[in-house]
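Geometric and topological summary
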Amino acid sequence: QMQLQESGPGLVKPSGTLSLTCVVFRGSISSNSWWSWVRQPPGKGLEWIGEIFHSGSTNYNPSLKSRVIMSLDKSKNQFSLTLTSVTAADTAVYYCARGIGDWGQGTLVTVSS
Amino acid sequence: DIQMTQSPSSLSASVGDRVSITCRASHGIRNELDWHQQKPGKAPKRLIYAASSLQSGVPSRFSGSGFGTEFTLTISSLQPEDFATYYCLQHNSYPYTFGQGTKLEIK
């Protein structure tokens, strides 16, 4: 069974940049799949951030599009999320997923000075 | 954006009960809807994909139905481990959108 594992700083300063990586185990990031990011503010619901295909094509949520970049690193079998100009509203658990079917365990990112 | 409206927002039920959760889409989404279960402190887990297909390993007491704008998740006989929050997700149009969630609690 495929597994996904997020990693990155748990604390980011306001106006800074959030950077997370998702490593894929027991599967290939080069497979015919979309690789997604979803987030969940504390005590709230789920928000789709966007996705990247193995070819590098991306789709982003328009609400975040101006601040989001997703990328792939096939040599490391991982994909990444970059979110710029963060505010307290970006504090959330961030999940990576394959096709929003296989989920990582999530990582909490807090935006605070 | 397609708005997904779940009802009820919360539900109290007993072990053994049959319960249903509804998700309505603001526009038709064919069968491009999944149901996910989330327990406190854990990642979501997909139960149903394509509106009615059971994810491998998910107990058969879970079932999904619907097409177009109205969808239902049914649990035929609640078990203690089913008390959780359930979300629908549409992946017909970008941006993908989730329902607000239904919290299923023990009565």
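That block above? That's the structure.
Residues numbered from 1 in each chain as written. Chains lettered and ligands numbered in written order. Predicted model: local features only at pLDDT ≥ 70, side-chain atom pairs only at ≥ 80, totals over all residues. Heavy atoms only, no water.

Overview of the overall build of chain A
Within chain A one finds zero helices and 11 strands. Taken from N to C terminus, the helices and strands of chain A fall in the order β-β-β-β-β-β-β-β-β-β-β. Against the compact-globule benchmark of 13 Å for 113 residues, chain A has a radius of gyration of 13 Å, which places it among compact chains. The principal-axis extents of the C-alpha atoms in chain A amount to approximately 40 × 25 × 25 Å. Per-residue burial for chain A yields a buried fraction of 50% across its 113 residues. (Helix = DSSP H or I, 4+ residues; strand = E, 2+ residues; numbered from the N terminus. Rg over C-alpha atoms; globule rule 2.2 N^0.38 Å. Buried < 20%, exposed > 50% of the residue type's maximum accessible area, 1.4 Å probe, protein only.)

Remarks on the state of the cysteines
Within this structure, the stated rule accounts for two disulfides over all chains. Two residues, C22 of chain A and C96 of chain A, share a disulfide whose sulfurs are 2.0 Å apart. Here the S-S torsion is close to 60°, and the disulfide linking C22 of chain A with C96 of chain A is therefore right-handed. Of this pair, C22 of chain A sits in strand β3 (residues 18-25) while C96 of chain A sits in strand β9 (residues 92-98), and the two are 74 residues apart along the sequence. Of the two residues, C22 of chain A and C96 of chain A, neither departs from the other in class, the shared state being buried. The disulfide that involves C23 of chain B links it to C88 of chain B, with 1.9 Å between the sulfurs. Note on the C23 of chain B and C88 of chain B pair: the S-S dihedral is about 45°, so by sign convention the disulfide is right-handed. (Disulfide = S-S within 2.5 Å.)

Everything listed here is a matter of geometry and, on its own, says nothing about what the molecule does.
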